[in-house]
Structure formats: structure tokens, C-alpha cells
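Observations on the model geometry
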Amino acid sequence: PLLPATLGKLTRVAVGDVGDGLEQVDAADAAVLKEDGLKRFARSEYGNSNGKDFWPFATVTVYKYVDASGAISAYDYFRKPGMRPEKLGDDSASNGDQLLLRSGVSVARVNARLGHEAMIALAKDLIVGLPKVGGTAGIAPLLPTLLPAKGLDADSVKYALGPVGYQAMGGVVPAQAVGFDKNGETVTAKYKNGGVLTLLLYPTPQIAGEHGRAVESAMKSEAVKMRRKGPL
């Protein structure tokens, strides 16, 4: 199961991990998460009981993806402005009683009325039981690492694998010109000088050239500068 029977001193009361669980994904998120390669989904409440009544203190949702690229794209989709970084898993951020984290190919969302320290402790217990994936599936994508660091607004970085997620995360290049159907991937970031940088990566330089011309044509009326180097 993606979610354990207990997390710290809290007990699971509602089981959401049935089969692959995909039919239970929130409808508003389903299209984005599907194109990111969602494989399993689970959501449960955790709390304390006196034998008669139950007091829920935390709702935990876990999404498991085919690979780390899909998990990173989903993490960026769920990450909202103003969330502060945390030192948990591979990526994590919190805001009040909400915590978002990524560990390998899994993304978890925690809503907890526990206080910050207790919520972090609960998340640490959760990470221990999340699926561990090796090989190429566990390798993080190269593209986000190619963003120039100078002046980068790190909170604005959004990595996308499909048109729905790309548009939902504020992509500025028309999605039809990007070429997601040719296994294109993209990362968008804002810079402190007010500029927006989009990097597009393709399997081959030939595909990159084709879609580079499509991007130029689609954005010729904008204040845009484009450069292509190989498949980038």
C-alpha cells in the first residue's frame, strides 16, 4: 500500500488505496497528472480515537509516477507561490498546515492540523514507506539543471511534460508549437530582470529544428529572442 496503517502516533481511518486508485483522483487535476505518467493514487485521513469518536488531524495524499520526470512535473504543478522550502525528501515546501514533498517517483500532499514540527515528523515517517525506484526511472531530468542561475527566481521554475500541465503552470509559448507529441519537455522560469526563459528539449536536433521554427512563427508578434543548440 502507498499509505501505512499508522504515521507516528496517528492511525489511518479512511482507506483510499484500492487497486491503482486512479478513479479517485480529483477531476480538476486528472488531465495534468495523467500526462505526467500517474500510476497509483491513495488518500487517507489520520487521527486519534477514544474507541467511540475519531478526531482527524491529517489528510495525506500520495501520487506515484512512472519515473522521476513525471513526479517533478507534478510537484511543480502542485507547488504554489509563497510556499517555503523544507529539507525533506528530494523536494519539499510548506505553507501553514500544508506540506508538499517529492521522494523519487512519488509526490505527497499533507494537510495537517498538528503544528509545523509535528507535520514535518509525520512527513518523515511517510517518506520511509514510499516506493523506492532505481535505474533510469529514478533519474531526475537534465533540463531544469540547464537554467542559468544568475537572477533566477527559483520559486517560479516549472517543468512540464505535456500541454495541459504546461498551460496550467503558465507556459508562454503556445502549447501546439512546443511539440509534446514528439516527446518534447520544457521548463519555464522567471528572472529578476523581468524576463521569462523557456527551455525546450527534444530527442533529436532535427525535431528541435522543426519545432524551433514553429515557435518562431507562433511568437513573431512578441518580444521574443530564440536560440537553438542541437536538441535544445
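The structure this text deals with has already been given above.
Residues numbered from 1 in each chain as written. Predicted model: local features only at pLDDT ≥ 70, side-chain atom pairs only at ≥ 80, totals over all residues. Heavy atoms only, no water.

Concerning helix α1 (residues 27–35)
Just so we agree on the cut-off: For every residue, the accessible area obtained with a 1.4 Å probe (protein chains only) is divided by the maximum for its type, and the residue is called buried under 20%, exposed over 50%, and partly exposed between those limits. Strands are runs of DSSP state E lasting at least 2 residues, helices are runs of H or I lasting at least 4, and numbering of each runs from the N terminus. Arc definition: directions from the helix axis to the C-beta atoms.
Residues of α1 that are buried include every one of D29, V32 and L33, and no others. Along the axis of α1, the buried residues cluster in a sector spanning 95 degrees; they form a single face. Opposite its buried face, α1 presents the exposed residues A27 and K34, each directed more than 90 degrees away. Downstream of α1 by one or two residues, G37 has phi in the positive range, about 95 degrees.

Quick word on the pairing of strand β10 (residues 185–190)
Stated formally: For two strands to be treated as a pair, DSSP must find at least two bridges joining them.
Burial analysis of β10 places five of its six residues in the buried class, which makes it a mostly covered element. Across three bridges, the pairing between strand β9 (residues 158–160) and β10 is antiparallel. Along β10, the bridge assignment pairs K158 with T188. Sheet analysis places β10 next to strand β11 (residues 196–201), joined by six bridges and oriented antiparallel. Across the sheet, T188 pairs through a bridge with T198, a residue of β11. Taking the residues that link successive antiparallel strands as the turn, the β10-β11 hairpin has five residues, and the phi of G194 there is positive, at about 95 degrees.

Topic: the packing of aromatic side chains
Quick reminder of the rule: Each aromatic pair joins two rings of Phe, Tyr and Trp (for Trp, the six-membered one) with centres within 6.5 Å, and gets the label stacked for planes under 30 degrees apart, edge-to-face for over 60, and tilted for any other angle. Whether a charge sits over a ring depends on NZ of Lys or CZ of Arg being within 6 Å of the ring centre and within 35 degrees of the ring normal.
All chains considered together, the criterion is met by four aromatic pairs. Between Y77 and F78 the ring centres are 5.2 Å apart and the planes differ by 55 degrees, which places this aromatic pair in the tilted class. Residue class for Y77 comes out buried when judged on its relative accessible area of 13%. Under the relative-accessibility criterion, F78 is labelled buried at 6%. Grouping aromatic residues by their ring pairs yields a cluster made of F41, Y63, Y77 and F78. A cation sits over an aromatic face here: K80 above Y77, 5.7 Å from the ring centre.

Points about the sheet that holds β10
For clarity, the threshold we go by: Only the contacting stretch of a helix is used when fitting its axis, a line to C-alpha atoms as for every element, and angles between N-to-C directions run 0 to 180 degrees.
Overall, antiparallel pairing links the three strands, which are arranged β9-β10-β11 in an open sheet. The sheet terminates laterally at β9 and β11, the two strands that pair on one side only. Here the strands of the sheet are splayed against their neighbours by 15 degrees on average, with no regard to which way each runs.

Quick look at the packing of α1 against helix α2 (residues 68–78)
Stated formally: Handedness of a crossing is defined here by the sense of rotation of the near helix relative to the far one, left-handed for an anticlockwise turn of less than a right angle and right-handed for a clockwise turn. Here, residues are in contact when the closest pair of their heavy atoms is within 4.5 Å. Gly is put with the polar residues, along with every residue not named as nonpolar or charged; the nonpolar set is Ala, Val, Leu, Ile, Met, Phe, Trp, Tyr, Cys and Pro, and the charged set is Asp, Glu, Lys and Arg.
Viewed as axis vectors pointing N to C, α1 and α2 meet at an angle of 145 degrees, and their least axial separation amounts to 10 Å. Our pair here, α1 against α2, has a crossing hand that is right-handed. Along its contact with α1, which presents A28, D29, V32 and L33, the element α2 presents A74, Y77 and F78. Classifying every residue of the contact of α1 with α2 gives six nonpolar, no polar and one charged.

Interpretation in functional terms is not warranted from these geometric data alone.
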